[in-house]
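Read off the chains here:
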Amino acid sequence: MLKTEVEHEAVDLSHKATAEKNLHYEDYLKIPQLLDLQKLRSTGEEDGDGQSAHDEHLFIVIHQVYELWFKEIIHELDSVMKIMSAEIVEGRRMLTINSRLSRVCVIMKILVEQIRVLETMTPLDFLDFRDLLVPASGYQSLQFRLIEVKLGIKENCRITYGCSTTFRTPFEDRCELRDRLETTCSSPSLFDFVEVGSVN
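This report concerns the structure included in the present document. This is a predicted model, so every value here is computed, not measured. (Residues numbered from 1 in each chain as written. Predicted model: local features only at pLDDT ≥ 70, side-chain atom pairs only at ≥ 80, totals over all residues. Heavy atoms only, no water.)

Next up on the list: the packing of aromatic side chains. Applying the stated rule across the entire model yields five aromatic pairs. Where Y66 meets F70, the ring centres are 6.1 Å apart and the plane angle is 40°; that geometry is what we call tilted. Of this pair, Y66 and F70 both sit in helix 4 (residues 54–84), four residues apart, which is roughly one turn of the helix. The two residues Y66 and F70 agree in class, both being buried. A connected cluster of aromatic rings, assembled from ring pairs, spans F59, F126 and F129. Directly above the aromatic system of F167 lies the positively charged group of R158, at a separation of 3.9 Å from the ring centroid. (Phe/Tyr/Trp six-rings, centres within 6.5 Å; stacked < 30°, edge-to-face > 60°. Helix = DSSP H or I, 4+ residues; strand = E, 2+ residues; numbered from the N terminus. Buried < 20%, exposed > 50% of the residue type's maximum accessible area, 1.4 Å probe, protein only. Lys NZ or Arg CZ within 6 Å of the ring centre and 35° of its normal.)

Structure representation (structure tokens):
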């Protein structure tokens, strides 16, 4: 390696070290942007008191946290299925699979436990802003549907709500979301990989 190349590499490492030294918690986690995502729809104009519905903030935070955990579950499931897609899965990789699926189980327990926080909001508190959310619904959560499909829930095992409504319906007019869902539906699920592994 030439001297100039060594010097150039040393400068790059120096800049990297400086950048890491100056890295701040708020910058790394994008805290200002994260805390600016809670946009209330209630303004107080509905009842004339000029005050937003207090519990709408809780409602938004809870559901955004759900979606963040959904993202992590999908991240873990995808990594596990990538390992299992290999023609031969080494024994040591099974420890990784077990660890990541155990993590998913823990996250799911947290998701259930979060309901207790939401239950501190009374039905009357919810009614203060519920009409402002129509027609939005948790039924429209793409990540929730992706998790179902990745885990292996088959379409013929689903319960439909109304004669023309399926789990795909909320995404029919959202091309990007619809395409992502269809791609997942046409890909092997975790159940498929486990089933193939048990046969082999």
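Along its 23 residues, helix 5 (residues 91–113) runs 34 Å from first to last C-alpha, staying within 8% of the 33 Å computed at 1.5 Å per residue. Taken together, the buried positions of helix 5 are occupied by T96, I97, V104, I107 and L111. Buried positions along helix 5 lie against helix 4 and helix 6 (115–118). (Expected span 1.5 Å × (residues − 1). Contact = heavy atoms within 4.5 Å.)

It is worth spelling out a nonpolar patch on the surface at this point. Among the surface-exposed residues, L23, Y25, Y28 and L29 lie close enough to one another that they form a single nonpolar patch of about 480 Å² accessible area. Tracing the backbone shows Y28 in helix 2 (residues 25–28). (Patch = residues over 30% accessible without salt bridge, like charges linked within 9 Å, V, L, I, M, F, W, Y side chains within 5 Å. Areas by Shrake-Rupley, 256 points an atom, 1.4 Å probe, with all protein chains shown as cover. Salt bridge = Lys/Arg side-chain N within 4 Å of Asp/Glu carboxyl O.)

What follows concerns the side chain of R158. Relative to the elements of secondary structure, R158 occurs in the loop between helix 8 (142–151) and helix 9 (175–185). Overall, the relative accessible area of 18% leaves R158 in the buried class. Within polar-contact distance, the side chain of R158 engages the side chain of E148 at 2.7 Å. Those residues in contact with R158 that lie beyond four places of it in its chain are R145, E148, V149, I153 and F167. (Polar contact = N/O pair within 3.5 Å; in protein donor to acceptor, adjacent residues only side chain to side chain.)

The next subject is the side chain of K150. By the element assignment, K150 lies in helix 8. Here K150 falls in the buried class, since its relative accessible area comes to 11%. One polar contact links K150 to D78, side chain to side chain, over a distance of 2.7 Å. Excluding its chain neighbours within four sequence positions, the residues that come into contact with K150 are I74, L77, D78, M81, T184, S189, L190 and F191.

Here the focus is the nonpolar core. Formed by 23 residues in total, the largest nonpolar core has its most connected members in I73, L77, M84, L111, I147, L181 and L190. Counting residues per element, the ones that place at least two in this core are helix 4, helix 5, helix 8 and helix 10 (190–199). Looking at this core, the element that brings in the most residues is helix 4, giving 10 residues. Those residues in contact with L77 that lie beyond four places of it in its chain are L101, V104, I147, K150, L151 and L190. If you look at the next biggest cluster of nonpolar residues, it comprises five residues, including A53, F59, M121 and F129. (Core = buried A, V, L, I, M, F, W, Y, C linked by side-chain atoms within 4.5 Å.)

So, on to the packing of helix 4 against helix 5. Put simply, helix 4 and helix 5 touch, their axes get as near as 10 Å, and they point 160° apart. In terms of axis orientation, helix 4 runs roughly antiparallel to helix 5. Regarding helix 4 and helix 5, the two cross each other, and that crossing is left-handed. Where helix 4 approaches helix 5, its residues Y66, W69, F70, E72, I73, E76, L77, S79, V80, I83 and M84 are matched on the opposing element by R93, T96, I97, R100, L101, R103, V104, I107, M108, I110 and L111. Partitioned by chemical class, the residues of the contact of helix 4 with helix 5 number 15 nonpolar, two polar and five charged. (Axes fitted to C-alpha atoms, helices over the stretch in contact; angles between N-to-C directions. Parallel < 35°, antiparallel > 145°, perpendicular 65-115°, else oblique. Left-handed = near helix turned anticlockwise from the far one by under 90°. Nonpolar A, V, L, I, M, F, W, Y, C, P; charged D, E, K, R; others polar.)

This is a description of form; function is not addressed.
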